[in-house]
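# Secondary and tertiary structure notes
Spelled out, the chains give:
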Amino acid sequence: MFGSLLGNLAGILYFISFQILGILLALLLFKKEKLCLTLLFGSTIGSFSLQWLPVLYAFFFKFSVRAHIFAFFTMILLVFVFYYFSKNKSFLNGRKIKPDIIGVFRENPALFLLLPLFLFIAAILLHHTISYKDSALHCGQSTFGDMSMHLGFITSIARQKIFPPEYSILPGTRLSYPFLSDSISSSLYLWGTSLRIAYLLPMFFALLQVFFGVYTLAKYLLQKMGEGFRGKAFLAFTLFFFNGGLGFYYFINKGFSSENFTRIFTSFYQTPTNYTAKNIQWHNVLCDMLIPQRATLFGWAILFPLLILLIKAMVQKERMYFAVSGVLAGGLVLIHTHSFLALGVLCAGFLTLCLSNRKEKEARFPLPGRLIAVLVFLGSMSALSIKQLSDNPLEDSVFLYIGLMIIAAFGVLFLYFCLKGFSKEILSTWGLFLGIVLILALPQLLGFTLRQAQGENFVRGIFNWVNNGEAADSYLLFYFKNLGLLFPLAILLFLFGKKRQIRLVLPASLLWLISEFIVFQPNPYDNNKLLLVSYLFFCIAIADFVWEMAGKLFAGVKWMRGVILCLFTAVSVFAAVLTLGRECVSDYELFDKSYVSLAQWIEEQTKPADTFLTATNHNNAVAALTGRNIVCGSGSFLFSHGIDCTQNETDVGAMYEDPSQREDLLEQYNVDYIVIGNIELMSYSIPDLDSMLKNYQPVYRNNGLIVLAV
């Protein structure tokens, strides 16, 4: 758990070697690109390779050191092959190694925010990730929930080496989760790196990939759209990562010195971006997505650089760019399935636009048609919202049919434009991309994803994802509260925006619309992983729209545009700033010192395949810190993956509380050890504790914790 000096060096060097090899590969593949962009692509390829290559060999050699050695030499071989067949043997190809730092910041003003923001989030991650205090392990508010699950995946994959991996919190059940976001840390942990370093190091690089990916994507798109792209990219970056809304009203309406305001920094999840009591559900990207949710972080670390590469491939018609994009896209399924789904919808939209308007000059959509379309959409969604708030709401199956009809209607439109605009060029570019994606993704979808998603709790109809229950609002009010000024601005964008701005958000609008009627997982909240990808494109288009509209409205008073943009930004990010402040000061004990000591003993004295009977608490130290199996873990984790663990939970209670069933159940679940500590004693009433201590051999006693060998 705490690693060793040699183990830490080995794990860190192994990770860094993949980063370096990925960059060398990118230098060979993207000789026309600027060095900074090539470094981003290279770092992304390095992380992607470390996620996938060891796993490919794990099918033959388990998740072992041998598999990782083969993966390392395979990466070296790939670099050598591309170098050998490269016409230009120079890696740098005339690119500067020492850029003009002042010039870089002048050309990219968003770096003045990006780099300090990265350091700030990195500091929060350091504080929030099992920080050692008084022999206990602590975390922050956002990591108090999911981090235990991710730690369990990391440690069990590395320690048990079973492949495909299984749940340590439900032994014998294949892991129904895009586990490559955790196996990258398992690879470091396998070499002897401390669990903390193994968890954090890949996250730091992924965080940089997401930040630079979003900024570079925004800058590239806005550069194609017109002047002022540097400032617009800065604004788009800010709006996306500091997303919030108007939830701050519920905390400042009694004054900044009131307890109503200060509870933001003291209560558990009472923040302006996560306040479900008032239906504030548009959770902050930084605090609620990137810090706690590893699959989202690592999925976006691939997705956003991939989108840059794919859009460049469309513009430059580079077949090699399409091919590399296909490899990255095909591998997304087991990194983050939602990112793969979002990319698929966006690509369908991109290709449709490409086929439908390849030679047409810039033109405005007619205002009357826009007005009718916007009114019909908002009126329809409002009517559905009113119906759902009534005493006789529509059944969820109706919304599934609506969502499928939307997909079918787009499919007909897509086929029409394919037949109309199909060409050999499309086949050699988009056809190449799709072919590679299908070859790589289909085995993952058939072997993992679709097997998991067969339950009735997965793909189903729900209107407006989380806007339901007692706190539900009307459609317009819900989005105005949650998106703030960006919601009315999105409406104005469709009414008065230029064609280039509207075309930018059309594929994202399709993804958003589908997500309003269909959810793709047991927890409807997780649809925000699709909506936020759409939201990024809206942030980029709205930044362009607001920047230009402010300039036109105050053409005679130029300084007023700056004032308007500053006020708009301040209102838009205020809720997020308060949430970040809360995240910065939050501190909770995740594993107390007695269970930390127990975890150390288990690692040293038991076998990786041993099974423990423990309580089913979410912060289970045995599962999270040692990678050993427990009879049953937290139902909240398993339910969100579509797994019913009711029987295991019932049997855990019976093993503790019912002596008549205990022996048979211990044998049924192959239990090797029974843990009895303060959590177990608070969770279950053990009627024959003294008899248990006599019938089973105590092998561990410390800090009030007892472990009995079965």
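Up top is the structure these notes are about.
Heads up: these notes are all about the structure in this document. (Residues numbered from 1 in each chain as written. Predicted model: local features only at pLDDT ≥ 70, side-chain atom pairs only at ≥ 80, totals over all residues. Heavy atoms only, no water.)

## Observations regarding the sheet that holds strand 8 (residues 673–676)
- Pairing is mixed across the open sheet formed by five strands, whose spatial order is 7-6-8-10-9. Each edge of the open sheet is held by one strand with a lone partner, namely strand 7 (629–630) and strand 9 (697–702).
- Sheet analysis places strand 9 next to strand 10 (residues 705–709), joined by five bridges and oriented antiparallel. When the bridges of strand 10 are listed, Pro 698 appears paired with Leu 708.
- Those strands touched by helix 24 (residues 593–605) are strand 6 (611–613), strand 8, strand 9 and strand 10, and its axis lies near 130° from that of strand 9. (Pairing = 2+ DSSP bridges. Helix = DSSP H or I, 4+ residues; strand = E, 2+ residues; numbered from the N terminus. Contact = heavy atoms within 4.5 Å. Axes fitted to C-alpha atoms, helices over the stretch in contact; angles between N-to-C directions.)

## Section: a nonpolar patch on the surface
- On the surface, a nonpolar cluster with roughly 730 Å² of combined accessible area is contributed by Leu 77, Leu 78, Phe 80, Val 81, Phe 82, Tyr 84 and Phe 85.
- Structurally, Leu 78 is set in helix 3 (residues 65–85).
- Given the relative accessible area of 33%, Leu 78 is considered partly exposed. (Patch = residues over 30% accessible without salt bridge, like charges linked within 9 Å, V, L, I, M, F, W, Y side chains within 5 Å. Areas by Shrake-Rupley, 256 points an atom, 1.4 Å probe, with all protein chains shown as cover. Salt bridge = Lys/Arg side-chain N within 4 Å of Asp/Glu carboxyl O. Buried < 20%, exposed > 50% of the residue type's maximum accessible area, 1.4 Å probe, protein only.)

## Digging into the packing of aromatic side chains
- Across all of its chains, the model carries 62 aromatic pairs by this definition.
- Ring geometry for Tyr 14 versus Phe 18: centroids 5.1 Å apart, planes at 55°, classification tilted. In this pair, Tyr 14 and Phe 18 both sit in helix 1 (residues 5–29), four residues apart, roughly one turn of the helix. Here the two residues Tyr 14 and Phe 18 agree in accessibility, since each one is buried.
- Residues Phe 251 and Tyr 275 carry aromatic rings whose centres are separated by 5.0 Å and whose planes lie at 50° to one another, so their mutual orientation is tilted. Residue Phe 251 is found in helix 10 (residues 249–252), and its partner Tyr 275 is found in the loop between helix 11 (259–262) and helix 12 (285–290); the two are separated by 24 residues along the sequence.
- With relative accessibility at 10%, the residue Tyr 275 sits in the buried group.
- We note Arg 294 situated over the ring of Tyr 199; from NZ or CZ to the ring centre the distance is 4.5 Å. (Phe/Tyr/Trp six-rings, centres within 6.5 Å; stacked < 30°, edge-to-face > 60°. Lys NZ or Arg CZ within 6 Å of the ring centre and 35° of its normal.)

## Thoughts on the environment of Leu 53
- The residue Leu 53 is located in helix 2 (residues 35–61) in this model.
- For Leu 53, a relative accessible area of 12% puts it in the buried group.
- Residues Leu 53 and Thr 143, 90 residues apart in the sequence, show an inter-C-alpha distance of 29 Å.
- Beyond its immediate stretch of four places on either side in the chain, Leu 53 contacts Phe 18, Ala 71, Thr 74 and Met 75.

## So, unusual backbone geometry
- The linkage connecting Phe 163 with the following residue, Pro 164, adopts the cis geometry, with an omega of -5°.
- Mapping Pro 164 onto the fold places it in the loop between helix 6 (146–160) and helix 7 (180–190).
- With a phi angle near 50°, Asp 134 is a residue other than glycine that sits in the positive phi range.
- With respect to the helices and strands, the residue Asp 134 is situated in the loop between strand 1 (131–133) and strand 2 (136–139).
- With relative accessibility at 74%, the residue Asp 134 sits in the exposed group.

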